[in-house]
Amino acid sequence: MTDLPEPRLTRIYRLEAALGEPVDVGDVSPGRRRIVPLTGGTFWGPELNGKLLPGASADWQIVLRDGTALGDIRYTLQTDDALLYVQSRGVRHGSPEVLERLGRGEDVDASEYTFRTSTRIETAARELDWLNRGVFVGVGGRRPGGVIYETYLVA
């Protein structure tokens, strides 16, 4: 058998986004459904910079009984020349104490919990077509009133 290459990660951008008031749909079969709007923000990286478009960005979450949040995060980014549609599937979990602190809106160090995503990026911009074919992973962190996502290309 041939050895396979070890994956390498290259940071593509860091997004810092503001969060709106969650819409609490209520208890559904897998857990508590809520929708958290992303109301604005900026992103930057070695090749991409721009802003998050409010009104076209939110996190559709299921919160399990143990406090684990399963995210379906969809947001639209705008560069000077292009629009990017981003969809991430993620999980955020930690100890009950840490999740309670996050729920109260406290500033909790991201090393105290796990917040990871797998991500797809779509764009019609020819010069950014490589994003359409990329495999991406992300690391997230909550902050009072906002969220941070760092997105990496897996090579």
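Anything mentioned here points back to the structure above.
Residues numbered from 1 in each chain as written. Predicted model: local features only at pLDDT ≥ 70, side-chain atom pairs only at ≥ 80, totals over all residues. Heavy atoms only, no water.

### A closer look at helix 1 (residues 96-103)
Part 1 of the argument: Looking only at helix 1, the buried set comprises V98, L99 and L102. Down the axis of helix 1, the smallest arc covering the buried residues is 95°, so these residues share one side. Residues of helix 1 that are exposed and point more than 90 degrees away from the buried face comprise P96, E97 and G103.
Part 2 of the argument: With its phi angle positive at about 85°, G105 sits one or two positions after the end of helix 1. (Buried < 20%, exposed > 50% of the residue type's maximum accessible area, 1.4 Å probe, protein only. Helix = DSSP H or I, 4+ residues; strand = E, 2+ residues; numbered from the N terminus. Arc of directions from axis to C-beta.)

### Describing the packing of aromatic side chains
Part 1 of the argument: A complete count under the given rule lists 3 aromatic pairs for this structure.
Part 2 of the argument: Ring geometry for Y13 against F43: centres 5.6 Å apart, planes inclined by 65°, an arrangement best described as edge-to-face. Taken together, the positions of Y13 in strand 1 (residues 9-19) and F43 in strand 3 (residues 31-44) put the pair 30 residues apart, joining distant regions of the chain.
Part 3 of the argument: Given the relative accessible area of 2%, F43 is considered buried.
Part 4 of the argument: Put simply, the rings of Y75, F115 and Y149 pair up and form one aromatic cluster. (Phe/Tyr/Trp six-rings, centres within 6.5 Å; stacked < 30°, edge-to-face > 60°.)

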